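# Structural description and commentary
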Amino acid sequence: MEGTDDERLEPIRMLVQRSFQLDPDKWGEFVSESSNKTVLTRFMSSPDYQLFFHLQPDSGLQASLGLPSAAQAKVVCVSRAAQEGSGKAFRIHEFSRGKALSGLVGLSEEVSCPLLSRAADRSRWAVGVAQDAMKLLEKQKNAAQVVEAKVEGLTFLPPPNALYNQDDLDLFFARCSPDQGGGCHDNDNSNTSGLVQDPSPKNLSLTGSNNSDNNHHDDSVEDCSSLHDNGCHVNQNEQKLAVARLLHACEETVVEWVELVSDFLQQDWSGLVLDRQKPVPSEEFSFWKNRLKNLLFIKDQLLSSKAQQVGSILKAEDSIYWAALQDLQRHVQEGGQRCPQDTCRDTCLSVCLPVCLSTCLSVYLSVPSGVREAEDITLHLTPVQQKLSEVLEMDFHQLKDNVAAVMKAVGLLWTRSEFYCRPRRTVVLLQEICNLYIQLSRGFLPGQEVIGVLVSERGPVLQDIRLVIQTLQALKAAFYEQQTQLEVQNQNQATPPPSWTFPSHLVFFHLDTFLKRLLSIQEVHLVTARFYQLDQVVLTGASGTLLTVGIQQVYQDFLVQVRLLSACSCDPTDPKDQTFELELDRFWEQVLDLETRLVSVLSKALEDCSEVASAAKVVKMFWFFLDRPRVQDQLPPCLARLEDQVLADLDRTELEFYSQKEKPERRFRFCPAGAARLYWNRQLRRRAQETLRSFRTIQNLCGGVASAPALLQRAQQVVALLQDFRTKTRSDWSAGLEEDCSFVLKQNLVQIDPPTHLEVAGRKQLEAVLQQLRYVSREGGVALCPNADRLLQARDDITHTFLLLDQTVSCYNQVVGGAMEAELPLIQEQLQQLNDTLSELQSKTWICKGVQEQSQEVLAIHSSITEARVNMDAMRSIAQGWAELDLLQRSHDSLLESSVNDHTCRGIKADGEQLLSLTQVNRRLYRADEASEAWTGYLDYIDDQVQDGLLQLLHRALRFLTDSMNPQQSGGAALLAVSLQLRDSRGLVFEPLIDDGPAAFLKTIMRDVYGTCALVPRISIGRHGDYQESLRQNPELCALEQEVMTRLLQVKEEAEKLRVGLDRYAHLWLSDKQAVFQEFLAYSKPLAVGEVEAEENPPSLKDFQREIQVLLTVSSEVTHLDEGVVLQGWLQVDMRPFITCLLSIILDWKDMYTDFLLESATNSLQQATQPKDRGSASFDLTDTILLLEAAGVELPEHLAAKLQ
């Protein structure tokens, strides 16, 4: 079919458009698709096909040559017409998944045919019309049943059309009538155990239905009887022709039935596998289920009334096809389980029957199938189906653990099924299971991403690939295990079932292909992972940088190849896709080239290694490539060079041994000579063994090549040489150690060096022996002599004794050597006890007992004396610490505070109490009597320490005063302060007075300083008075006190000088201002002292200006006086009260003159504004105002207003 305008499709187009209500454009789109063109072409080229149309919601109109399983609604079936000249090329049916056909068949069987068969109904029709209508209905019903059976996938056995010719049936019945002596012969040799039980005409029916009611059956019998009564007058020739037509039609029907059943029974499920298809178990399960259903359908048809009619006619005419029909029924029921008689009869039939029928029967009878076979297989396939259903519900990770159960189910099917235990069928089922696991594996793997992930995250996909491979390999292992179990079971059974002797490659043909592809993909992932590790490889050495660059270039080139392979658009998990194989071959070719380059880099790196250990490190860096074939082929030369290098290292080790074996201990200065020799020997042996071990590591990583015999022999020689030296060294060390141990064991524990210094006897020798024993125990393998072994066994005890004795000796030396003169009388008894203990220790050796008890006595005495000395140190520290305390300190204004520091006094008082407490503690520790002379002397010693500390405390305080009162050392920082006051009655005075203030203050301070000594209780019980009384007589303190008094007198003299110097301003506060002013108004100046009479001369403005200017000058001079003056560097005089008072007096003097001028100006202004009162003014108004302004006088408001 070349175009879409084929005229033969026009009827189909019109029907499909009308049935599905399609637009014309939709039909054009449907016909233009290539797949639809193929279906239409195959339908038009062969009359055997049926064409089915249906609508899909997503893809529109669809066509197929078989019943569509996906159809959900209406289906249109188109078939070719039986007769080409009938005027109709196609026969078309509409149905909804078989419901319409079932309705049409039911209508014909239950309504139309019974109506036309009744004589009462046919009498109203014209002659022959009812028969023609009956034939037409039967033909339509048969056609509908054929279509319905095909829709359901069943085999329909159409009855002969001759059964619808009532005239021929009447003539046949007439011939069979007993009155006519017809030719209905009863063959005694053919026992009717098959289809037909009674060949009499009463069993013949036109309806052909098993469901006709009794009324229908009675009408048929009556009609047959009437026909029989008239049959006596029928022409004999017509009767023969009618019988011949019926017999011929029935025989052709039997042949057609045999062909249909034969074609169905020859259907073999294994043919799909033989045709290189890949079905899954579910398809075979459906096949056997449908086969059983079809066989039961065929069986029901062979037992139907139509088949009985055909059998009755064949048997009545003694046709050879009667036996064929019986065999057909039996073989459908039994499925090929035939007896010898059947075989003989089949042979006869093959001779007598026509060639076509004989061929069909022979083909059919050679196929061992049937209802019983299908039932048996369907029953025993159910456990396998259930197990595989469970597999489909599992997660893929669970499949590996369940493959054994699947194979066990197949094994039970083999042993339990009567018809399925055939190698061919089992091989097919196992192949289907393999196909199912292949489908599950491909669904589990990500398809194209299996290779696409090579450029991203490879880990998870590689794990999935490994899981799939392990699962499929587990499936194969389960098969072989089940095969073995069947063989074992057969050995234990009397009549064992056949074993699985078929070749396994038939089962795993597709699975092995798929596994091969997966293994290739896994290899790609593994190689990719190896190449990715090159990114971290960095080589060192002379050519390290260059070699690293070469490796990185290989790595980058590999990344390019990986990207090309991952860009492949095919599905790598599809073994049929050869595109991936081509890409994979190209990839492996490039990988081989990259491996060649990598081997050259590795060879160069190994050549640059100066040591075998370095070569081993290089090899370990490339371990992930060493098992590659190309690397294995090119590494042997490198291994040969490394072998020579190992031999050279062994030679150097031997040379070093001979050159340094006499004095190897020079390299180990801090351990015994024997241990040093063994350490040096161990280093040499370790070097030789490490070299050999590194070479063996290289060989193992490079493929496990056996070691060279010459190298092994040379290594054994060097190791044996070092072993002999180690044996001799151990022997010599043992002998020398025995001598040292003998010497130590004979030594006493302690010895006294003049005069009283105590030492551990043989200390250095003992420490050396213990050190050697410690090294011996670590070394192992040194055979010790008796004394050395005895000392080694007691090493821990001797070490403990040595440490204890060393502590005892140290304590004794501390007690004796650190004794104070004041302490010796107190510890005479303890010293005597120590000497007695040490005398006993001098007579003991290192293996004697009782050392610990004697040492404890020494330690106890040492502990008490040491504690007393610590207390003495604490008391000494307290007393010495007072020298750092500050009794006197300055306040926040840097002046001396009014009393000593309270915090310091409280601390001194607490220290005194602590001193008293410590002396009592020491009395208990020394076990001294309070009245003893020794204890009195000890307290006097402590008293001297305390008094000396208090002396330093007082000396520091008084020195603070003297330094602060010394002009050269004070730095200008005042210590005390007074103020200069101007009193009306007394004039200039200091407040407070020097004698009553600073002098009394300093005397109080010094009294308080001495008073701090009374805070410390007296330690000595033989001395009277407190520390204050003792220290009052100290010459140093008296000198400092006298120096303070001297400084006080000096400052008094300088203060008087300051007061006298300020008497130049005394006239300002001593003179009478009014009297002086009156003299000024009278004489224009104040009269001098002694001047009694003068010429009166009233003052002018200049005189006023002169006097005011003098006052302003004095005021400025007073203002610039220092506000504070420090006398002798320590007494601060506050001048501000004096300056303030004097400035106030000067201001009063100035106001006296300015008030007069202001009054004069007021009078002058009044005279100017009131002419009647105008008189002569005293001063010029303008000059007066200017003078007042110059004097800083502000005019009153009323005066300023008048001036305006």
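Reading the values: rules and limits
- Residues numbered from 1 in each chain as written.
- Predicted model: local features only at pLDDT ≥ 70, side-chain atom pairs only at ≥ 80, totals over all residues.
- Heavy atoms only, no water.
- Helix = DSSP H or I, 4+ residues; strand = E, 2+ residues; numbered from the N terminus.
- Contact = heavy atoms within 4.5 Å.
- Areas by Shrake-Rupley, 256 points an atom, 1.4 Å probe, with all protein chains shown as cover.
- pLDDT = per-residue confidence, 0-100.
- Axes fitted to C-alpha atoms, helices over the stretch in contact; angles between N-to-C directions.
- Parallel < 35°, antiparallel > 145°, perpendicular 65-115°, else oblique.
- Left-handed = near helix turned anticlockwise from the far one by under 90°.
- Nonpolar A, V, L, I, M, F, W, Y, C, P; charged D, E, K, R; others polar.
- Patch = residues over 30% accessible without salt bridge, like charges linked within 9 Å, V, L, I, M, F, W, Y side chains within 5 Å.
- Salt bridge = Lys/Arg side-chain N within 4 Å of Asp/Glu carboxyl O.
- Lys, Arg positive; Asp, Glu negative; His and termini not counted.
- Charge placed at Lys NZ, Arg CZ, Asp CG, Glu CD.
- Buried < 20%, exposed > 50% of the residue type's maximum accessible area, 1.4 Å probe, protein only.
- Pairing = 2+ DSSP bridges.
- Arc of directions from axis to C-beta.
- Phe/Tyr/Trp six-rings, centres within 6.5 Å; stacked < 30°, edge-to-face > 60°.
- Lys NZ or Arg CZ within 6 Å of the ring centre and 35° of its normal.
- Expected span 1.5 Å × (residues − 1).
- Core = buried A, V, L, I, M, F, W, Y, C linked by side-chain atoms within 4.5 Å.

Turning to the overall build of the protein, a few remarks are in order. A tally of regular secondary structure across the protein gives 46 helices and 10 strands. Intrachain contacts of the protein at a sequence separation of at least 6 include 72% that bridge at least 24 residues. Carbon together with sulfur atoms contributes 50% to the accessible area of the protein, which is approximately 61500 Å² in total.

Take the confidence of the model for the protein next. Counting all residues, the mean pLDDT for the protein is 75, and 71% of those residues have values of 70 or more. In the model of the protein, helix α14 (residues 340-352) stands out as the element of lowest mean pLDDT, 36, in contrast to helix α17 (residues 403-416), which has the highest, 91. Between residues 335-369, whose pLDDT stays under 50, and residues either more than four places distant or in other chains, the model counts 54 contacts.

The subject of this paragraph is the packing of helix α18 (residues 423-444) against helix α22 (residues 509-532). The relative placement of two packed helices is expressed as an angle between their axes plus a distance between the axes. At a closest axis distance of 8 Å, the pairing of α18 and α22 adopts a crossing angle of 25 degrees. One way to sum up the angle between α18 and α22 is to call them roughly parallel. Relative to α22, α18 is oriented so that their crossing is left-handed. In contact with Cys434, Asn435, Ile438, Ser441 and Arg442 of α18, α22 contributes His510, Leu511 and Phe514. In terms of residue class, the contact of α18 with α22 is made up of four nonpolar, three polar and one charged.

So, about a negative patch on the surface. Judged by side-chain charge, Asp23, Asp25, Glu29 and Glu33 come together as a negatively charged surface patch. Summarising the element assignment, Asp23 is placed in the loop between α1 (10-20) and α2 (24-32). On the accessibility criterion, Asp23 (49% relative accessible area) is partly exposed.

A few words now on the pairing of strand β2 (residues 60-64). Consecutive residues of a regular strand have side chains that alternate between opposite faces of the sheet. Pairing geometry for strand β1 (residues 50-56) and β2, over five bridges, is antiparallel. Paired with Phe52 across the two strands is Ser64, which belongs to β2. The loop that links β1 with its antiparallel partner β2 comprises three residues.

Attention now moves to the sheet that holds strand β9 (residues 1124-1127). With mixed pairing, the four strands of this open sheet are ordered in space as β8-β7-β10-β9. Among the strands making up the open sheet, the edge pair consists of β8 (987-991) and β9. On average, each strand axis in the sheet is inclined to that of its neighbour by 25 degrees, with strand direction left out of account. Where strand β7 (residues 976-983) lies against β8, five bridges are found, and the strand directions are antiparallel. For Gln981, the partnering residue across the bridge sits in β8 and is Val989.

All buried positions along helix α45 (residues 1181-1190) are accounted for by Thr1184, Ile1185, Leu1187 and Leu1188. Down the axis, α45 shows its buried residues gathered within 160 degrees of arc, on one side only. In α45, those exposed residues whose orientation departs by more than 90 degrees from the buried face are Thr1182 and Ala1190. Looking one or two places after α45, you find Gly1192, whose phi comes out positive at around 85 degrees.

Bringing the packing of aromatic side chains into the picture now. One pass over the full model with this rule turns up 27 aromatic pairs. Each member of the aromatic cluster is reached from another via a ring pair, and the members are Trp414, Phe479, Tyr480, Trp500, Phe502 and Phe508. Note that Lys476 overlies the ring of Phe508, its terminal NZ or CZ placed 5.4 Å from the centroid. Lying over the aromatic face of Tyr1010, Arg1032 brings its terminal NZ or CZ to 3.9 Å of the ring centre.

In the contact formed by helix α11 (residues 281-302) and α18, the axes pass within 8 Å of each other and the chain directions differ by 135 degrees. Our classification of the angle between α11 and α18 gives oblique. Across from Pro281, Glu284 and Trp288 in α11, the residues of α18 making contact are Arg425, Val428, Leu429, Glu432, Ile433 and Leu436. Classifying every residue of the contact of α11 with α18 by side-chain character gives six nonpolar, no polar and three charged.

The end-to-end C-alpha distance of helix α12 (residues 305-316), which contains 12 residues, comes to 16 Å, matching closely the 16 Å that a straight helix rising 1.5 Å per residue would cover. Among the 12 residues of α12, 11 are classified as buried, and the element is accordingly described as predominantly covered. Listed in full, the buried residues belonging to α12 are Ser305, Lys306, Ala307, Gln309, Val310, Gly311, Ser312, Ile313, Leu314, Lys315 and Ala316. Asp318 lies just past α12 and shows a positive phi near 55 degrees.

Structurally, Gln482 can be placed in helix α20 (residues 459-491). Aside from chain neighbours lying at most four places away, what touches Gln482 is Met407, Lys408, Gly411 and Trp500.

With that settled, consider the pattern of salt bridges. Scanning the entire structure with this criterion turns up 24 salt bridges. The salt bridge partner of Arg442 is Asp574, with a shortest N-O separation of 3.8 Å. In this pair, Arg442 sits in helix α18 while Asp574 sits in the loop between α23 (544-566) and α24 (578-608), placing the two residues 132 residues apart along the sequence. Look at Arg442 and you get partly exposed, because its relative accessible area is 29%. Looking at Asp574, the relative accessible area reads 18%, which means it is buried. The partner of Arg1023 in a salt bridge is Asp943, and the shortest N-O contact between them spans 2.8 Å. Note that Arg1023 is positioned in the loop between α38 (998-1011) and α39 (1027-1032) and Asp943 in helix α36 (residues 933-964), a separation of 80 residues in sequence. Residue Asp943 is classed as buried on the basis of its relative accessible area, which comes to 0%.

Now for the environment of Ala324. You can see Ala324 is positioned in helix α13 (residues 321-334). As for Ala324 and Val258, which are separated by 66 residues in sequence, their C-alpha atoms are 8.4 Å apart.

What follows covers the environment of Asp1183. With respect to the helices and strands, Asp1183 occurs in helix α45. For the pair Asp1183 and Leu1101, spaced 82 residues apart in the sequence, the C-alpha separation amounts to 7.8 Å.

Across soluble globular proteins, you tend to see nonpolar side chains buried next to one another. Counting residues in hydrophobic clusters, the biggest one holds 111 residues, and the most contacted among them are Leu961 and Phe1138. Apart from the residues lying within four places of it in its own chain, the contact partners of Phe1138 are Leu980, Leu982, Leu988, Leu1062, Trp1069 and Leu1121. One finds Tyr437, Phe531, Leu565 and Val618 within the second-largest nonpolar core, a separate group that totals 87 residues.

Negative phi is the rule for most residues except glycine; trans is the rule for most peptide bonds. The backbone of Asp318 sits at a positive phi, close to 55 degrees, despite the residue not being glycine. Here Asp318 lies in the loop between α12 and α13. The backbone phi angle of Arg927 is positive, close to 55 degrees, even though this residue is not glycine. Structurally, the position occupied by Arg927 is in the loop between α35 (902-926) and α36. Under the relative-accessibility criterion, Arg927 is labelled exposed at 73%.

Counting buried residues in β7 gives six out of eight residues, a clear majority hidden from the surface. In terms of strand pairing, β7 meets strand β10 (residues 1131-1134) through four bridges, oriented parallel. Note on β10: the bridge partner recorded for Ala977 is Gln1132.

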